[in-house]
Amino acid sequence: MKENLLKSLLSIVMILTSSFLFAHDFEVDSIYYNIISETERTVEVTFRGDSHSSYTNEYENSVRIPLKVKFNDVSYTVTSVGDSAFYSCGTLDSVTIPNSITSIGRYAFYNCGSLNLVTIGNSVTTIGDYAFFSCSSLTSITIPNSVTSIGGYAFRNCSGLTSITIPNSVTSIGYSSLGDCDNLKSIVVESGNTTYDSRDNCNAIIETATNTLIQGCNNSVIPNSVTSIGKSAFAFCESLTSVTIPESIRTIGDIAFSNCTGLTSIEIPNSVTTIGNQTFYHCSGLTSATIGNSVTSIGNSAFAFCKSLTSIAIPNSVTTIEYNAFKNCSSLTSVTLKSKVSEIGNGTFSGCSSLTSIEIPNSVTCIGNAAFAGCSSLTIVEIPDSVTTIGDYAFRYCSGLTSITIGSKVSEIGYGAFENCNAITEVYCKATTPPTCTTDNKGSYRLFPDDVVHYYATLYVPKGSKNAYESTEPWSEFYIKEKEFSGVESTLADDAEESVEYYTLQGVKVSNPGKGVFVKVQGGKATKVVL
C-alpha cells in the first residue's frame, strides 16, 4: 500500500516538474507543440521549455512542419507557427510551412541568421511583427496570395534579401516591414492590389489611397504622383547614393532617410512644407542639402550626426527648428538663418565643432539649452535684442569664443551658459537691468569660467548701469566698464587709443606675437587672448 502511494506521489512530482520545465504540451519528431484547441484538435509549433530563451538551437538544419501530428493516439492539425517558435535558432537553414498553417506568429523566425530557404504554404493569411527580423541569409521569399497582413518589422534587417513581391491579396503592411534591407533592389506589388501599388516601376510600395510611399529601396524612383514620403520609408538604405524628390511631395516623414550613409546630396523641393523628426539622421556621407522655400518646420534631430555636411541655408519660410536638429554636424562651417525663426531649440547646433560664425536673426526670442554647446570654432557671438532667454549650457565648451554680446532684452540666463569658454576676454551686456542667472542647488552660477571672470575678461555694460551690475551676482565678480551702446559695436572701441603689450603665459614680453595664447596688457588691465 505504502509502495503504491509512494509511486503515485512520485508520478505527481514528475508531472509537476515536467510542467514547470516545459511549457510546450508535447514533442513529436523533435518539433514542439502547444495545443490550441482540444475541441477542434489544433496545435501550433512552439519552442522548447518555458520561454523562447530556455534553450538555444532546439531547431537545427532543415525543418519540415507536418500537416498533422499524433500524440497520445489523438491526431491534431498544425494551424500556426507560434510566437517566437524558432527565435534565434542560429543553425536553422531551411523550413517548410504546410498548407494547414494560417498564421506565422510574432518573432517566429527572429534572428535565424542561417535561414536561407522558406517555403510558405498557401493558407497563411498573417505574417506577424518581427516574424523574419534579421534573417540575414534569406535572399528571396515567395509570399503566397493567401496573405492579407504583413506585420511591422516583419523582414527588417534581412540584409541578404534582394527582391520581394507583394501579392494582390495583401491589405495591411506594418511599419518598416522591409527596413534596413540594404541589398534589396526590387520591390514589386502585384497588379490588382487595391491597397498598395508600385506604379511606374518605381521599386517601392505606395499606399494607393493616400499616395504615400511607405517603403523604398536602393533602386527606388519616387513617382511624381506621390505626395508624401512615409515614416522610415528609406531608413538604413545604406547603398542609396542619390534620390530625386519630385515637386509633388508635400511632407517628408519621420526617419524617412535616416542612416542612409551613402547619400551625398539632397534637394528638397519648394513643394515640401514639413521635414519630420530624424528625417536625415546620421546620413554621414551627406555633404550638401538644399531646403526649399516652403518648408515651415524642421523636426528634431532632422540632420543630426550628418558629419560631412558643410553648410546649410535655412529659408525665410522656416518658423520652427526643433531640438537637436543639426546636432553633431561636425563639418558644418556656416549656417544662414532667416528672419522668421522664433526659437533656437535645445541642442540645435550642439557639437558643430567647425562652425565659425552664426548670425542669429532678430526674430529669435529664445536660445535653448545647449543650443550651441561644443561649437569650439565660434569666436564671436552677438545675441540680438529680440532674445529674452538664454538656456542652460547654451554656449558651453565654446572654447574658441573670445567675445560675446548679450542683447538688451535678455532677462534670464541659464546655469552654466558660458561654462568652459576659457578664451573669452570681452562680454558686452546691453541690458540696463542685470539679467537673472540660474544657480545649481548649491548656489553656484558657473555662468563663465572663474579665470575669465576674475582675471581675463572685461564686462561692458550700458552707461549708468555699472552700480546695478556691481551689486548683482554673478556680474559683480567681473571687472566692469560702462559703454555707450550703438547699433554696431566695436570690440576695441574703448581701448583703441591705449598702448598694448603682449606677454607669454610665463611672463616674457613679446614684441611681435604670432599665433597662440598670450596675456594682453592694455589700460592697466591684463587679459588672456588667442591670436
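This one's a predicted model, so the numbers in the text were calculated from it and none came from an experiment.

K.L.:
Sorry if this is basic, but what is going on with the nonpolar core here?
P.N.:
In globular proteins that are soluble, nonpolar side chains generally tend to be buried together. Judged by nonpolar contacts, the single largest core of 89 residues is most densely connected at Phe257, Ile298, Phe303, Phe372, Phe418, Phe448 and Trp475. Of all the elements in the fold, those that place two or more residues in this core are β24 (311-314), β26 (334-337), β32 (403-406), β34 (426-429), α2 (450-456) and β36 (458-462). Each residue touching Phe448, except ones within four places of it in the same chain, is listed here: Ile404, Phe418, Ile424, Val427, Val453, Trp475 and Phe478. Val45, Tyr76, Ala108 and Leu115 belong to the second-largest nonpolar core, a separate cluster that totals 54 residues.

K.L.:
What is the right way to look at the pairing of β26 in this model?
P.N.:
Every other side chain in a regular strand lies on the same face of the sheet, so the side chains alternate between the two faces. Covered by surrounding structure in β26 are Val335 and Leu337 only, the residues Ser334 and Thr336 on the alternate face being uncovered. Note: β24 against β26, 4 bridges, orientation parallel. Its bridge partner being in β26, Ile312 is matched across the sheet by Val335. Pairing geometry for β26 and strand β28 (residues 357-358), over 2 bridges, is parallel. Paired with Ser334 across the bridge in β28 is Ser357.

K.L.:
Where do I start with the sheet that holds β24 in this structure?
P.N.:
Strand pairs in the sheet, formed through backbone hydrogen bonds, run parallel or antiparallel to each other. With respect to topology, 3 strands assemble into an open sheet ordered β24-β26-β28, the strand pairing being parallel. Each edge of the open sheet carries a strand with a single partner, namely β24 and β28.

K.L.:
What exactly am I supposed to notice about the state of the cysteines here?
P.N.:
In this structure the tally under the stated criterion is 0 disulfides. Here Cys260 is not disulfide-linked; the sulfur of Cys283 is the nearest cysteine sulfur, at 5.1 Å. Unpaired in this structure, Cys421 has its nearest cysteine sulfur neighbour in Cys398, at a distance of 4.9 Å. Taking the relative accessible area as the measure of exposure, Cys421 reaches 0% and is therefore buried.

Definitions and limits used
- Residues numbered from 1 in each chain as written.
- Predicted model: local features only at pLDDT ≥ 70, side-chain atom pairs only at ≥ 80, totals over all residues.
- Heavy atoms only, no water.
- Core = buried A, V, L, I, M, F, W, Y, C linked by side-chain atoms within 4.5 Å.
- Buried < 20%, exposed > 50% of the residue type's maximum accessible area, 1.4 Å probe, protein only.
- Helix = DSSP H or I, 4+ residues; strand = E, 2+ residues; numbered from the N terminus.
- Contact = heavy atoms within 4.5 Å.
- Pairing = 2+ DSSP bridges.
- Disulfide = S-S within 2.5 Å.

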